[in-house]
Amino acid sequence: MPLQSGAEPFRHEGGETAVLLCHGFTGSPQSLRPWAGHLAERGLTVSLPLLPGHGTRWQDLGVTGWQDWYAEVDRELRLLRDRCARVFVAGLSMGGALALRLAARHGDAVSGVMVVNPANKVHGVAAHALPVLRHLVPATKGIASDIAKPVTRELGYDRVPLHAAHSLRNFFRLVDRELPQVTQPLLLMRSPQDHVVPPVDSARILSRVSSVDVTEILLEQSYHVATLDYDAELIFREGAAFIGRLAPGAVSEPGHGNEGTTAGG
């Protein structure tokens, strides 16, 4: 199936410090593209891959699972490590869980973690019925585009395939067990008004990671897809400051050289 316009992956060859961005479940790189562009403009090497099954039609997601999604970001991290001296990982929603697992499994190969409204669990009574329900019902209503800002839309599926949702549930359980292995500096940014991921998910993550350097920032004006919402600039600014603090000299002001080359939608 052809990609939806705007769902293309994004890559930018910049300096020796890289950022790997992971988008969310049923979403696409479009939700993180402004953040990726902000980082690229500041001289960083940036990778924002398209996860398998995403960016086309929801039926394609239904034949993939967490192993496919994680394998894609794991591969990107290894490529960035071959190219760069330092790599930071970041993610939105399920992308936050992917980033946290990368940190847990790769240790010192990851310099820091930035997550926005990270997901940790599939909630509700329906979650417990997924093992059986997924064989009876192909999909349920979508979760995309929870944004306070008028007119702004997230490019995501309007249906959630239940086979993929079941795999996501298993993935969250796996990541939750691995959270104590996360020791890197952590920047967690969350929206109190999130209609997709409840605040208990962020609280659970903060209580289980072993990171000593932890910063939590509230995104008071945004809903779930905060990277496209009113607090987007706050996310971009805090993310750049986080990287700059941990990798002095890595972040430059736009127009001060080290622009590199860009590929993607």
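Look up a bit, the structure's there.
This is a predicted model, so every value here is computed, not measured.

**Remarks on the overall build of the protein chain**
When helices and strands are counted, the protein chain shows eight helices and 10 strands. Relative to a compact globule of 265 residues, whose C-alpha radius of gyration would be 18 Å, the protein chain shows 17 Å and is just as compact. Here the C-alpha coordinates of the protein chain stretch approximately 55 × 40 × 35 Å along the principal axes. The buried share of the protein chain, reckoned over its 265 residues, is 55%. By sequence separation, contacts in the protein chain at least 24 residues apart represent 78% of the contacts at least 6 residues apart. For the protein chain, the accessible surface area stands at approximately 11,000 Å², while carbon and sulfur atoms represent 52% of it. Positive and negative side-chain charges of the protein chain, numbering 25 and 27 respectively, have mean locations separated by a distance of 7 Å.

**Points about the pairing of strand β1 (residues 10–13)**
Within a regular strand, side chains alternate between the sheet's two faces. By the alternation rule, side chains of β1 split into F10 and H12, which are all buried, and R11 and E13, of which none is buried. Pairing between β1 and strand β3 (residues 45–48): three bridges, direction antiparallel. Bridging across to β3, F10 finds its partner in L48.

**Brief notes about helix α8 (residues 232–246)**
An α-helical turn contains 3.6 residues, so a residue and the one three or four places further along point in the same direction. For α8, with 15 residues, the first-to-last C-alpha span of 21 Å sits near the 21 Å given by 1.5 Å per residue. Residues of α8 that are buried include every one of A232, I235, F236, G239, A240, F242 and I243, and no others. Angularly, the buried residues of α8 cover 155° about the axis, an arc narrow enough to put them on a single face. Taken together, the buried residues of α8 touch β2 (17–22), α1 (33–41), β4 (86–92), β5 (112–116) and β8 (186–190).

**As for the packing of aromatic side chains**
Scanning the model with the defined rule gives four aromatic pairs in all. Aromatic pair W66 and F171: ring centres 5.4 Å apart, planes at 25°, arrangement stacked. Here W66, found in helix α3 (residues 66–83), pairs with F171, found in helix α6 (residues 162–178); they are 105 residues apart in sequence, far enough to count as distant. Relative accessible area serves as the criterion here: at 17%, W66 is assigned to the buried category. When the centroid spacing of 6.2 Å and the interplanar angle of 70° are considered together, the rings of F88 and F242 count as edge-to-face. Pair noted here: F88 is in strand β4 and F242 is in helix α8, with a separation of 154 residues, a long-range link. For the pair F88 and F242, a shared accessibility class is recorded, and that class is buried. One aromatic cluster in this structure is built from W66, F171 and F172. Between the NZ or CZ atom of R101 and the centre of the ring of Y70, over which it lies, the distance is 4.6 Å.

**Points about the packing of α3 against α6**
Two quantities define a packed helix pair, namely the angle between the helix axes and the distance between the axes. At their nearest, the axes of α3 and α6 sit 9 Å apart, and the two run at 60° to each other. One element, α3, and the other, α6, form an angle in the oblique class. The segment α3 lies against α6, with W66, Q67 and W69 engaging A164, S167, L168, F171 and L174. Of the residues contributing to the contact of α3 with α6, the split by class is six nonpolar, two polar and no charged.

**Focus: the nonpolar core**
Ranked by size, the top nonpolar core spans 45 residues in total, and within it F25, W69, L100 and V113 carry the most contacts. F25 has contacts with H54, L61, W69, M94, I143, V160, A164, A165 and L168, leaving out every residue within four places of it along the chain. Grouped together as the second largest cluster of nonpolar side chains are 31 residues, L21, L44, M189 and L228 included.

What counts and what doesn't
- Residue positions within a chain follow its written sequence, with the count starting from 1.
- At least 70 in pLDDT is required for a residue's local features to be given in this predicted model, at least 80 for side-chain atom pairs to be given and counted, and no such filter applies to totals for whole chains, interfaces and linings, which use all residues.
- As a rule here, side-chain values come from all non-hydrogen atoms in the structure, and water together with hydrogens is ignored.
- Helix and strand labels come from DSSP, where a helix needs a run of H or I of at least four residues and a strand needs a run of E of at least two; each type is numbered from the N terminus.
- Atoms counted for the radius of gyration: C-alpha only. Globule rule: 2.2 Å times the number of residues to the power 0.38.
- Three labels apply to residues, based on accessible area from a 1.4 Å probe with only protein chains included: buried if under 20% of the type maximum, exposed if over 50%, partly exposed otherwise in between.
- Pairs of residues are marked as contacts when any of their non-hydrogen atoms sit within 4.5 Å.
- Computed with the Shrake-Rupley method and a 1.4 Å probe, the accessible areas treat only the protein chains shown as cover for residues.
- Only four residue types enter the charge count: Lys and Arg as positive, Asp and Glu as negative, with His and the chain ends excluded.
- By convention, the charge on Lys lies at NZ, on Arg at CZ, on Asp at CG and on Glu at CD.
- Pairs of strands are assigned from DSSP output, requiring at least two bridges between the strands.
- Multiplying 1.5 Å by the helix residue count minus one yields the expected span of that helix.
- The directions from the helix axis to the C-beta atoms form the arc being described.
- Any two of the Phe, Tyr and Trp rings considered here, Trp counted by its six-membered ring, make a pair once their centres fall within 6.5 Å; the pair's planes then place it as stacked at under 30 degrees, edge-to-face at over 60, or tilted in between.
- Whether a charge sits over a ring comes down to the Lys NZ or Arg CZ being within 6 Å of the ring centre and within 35 degrees of the ring normal.
- With axes taken as lines fitted to C-alpha atoms, and helix axes fitted only over the stretch in contact, angles between N-to-C directions fall between 0 and 180 degrees.
- Relative orientations are named as follows: roughly parallel for angles under 35 degrees, roughly antiparallel for angles over 145 degrees, roughly perpendicular for angles from 65 to 115 degrees, and oblique for any other angle.
- Each residue is assigned to one of three groups, with Ala, Val, Leu, Ile, Met, Phe, Trp, Tyr, Cys and Pro labelled nonpolar, Asp, Glu, Lys and Arg labelled charged, and all others, Gly among them, labelled polar.
- We call a set of buried Ala, Val, Leu, Ile, Met, Phe, Trp, Tyr and Cys residues a nonpolar core when their side-chain atoms join them within 4.5 Å.

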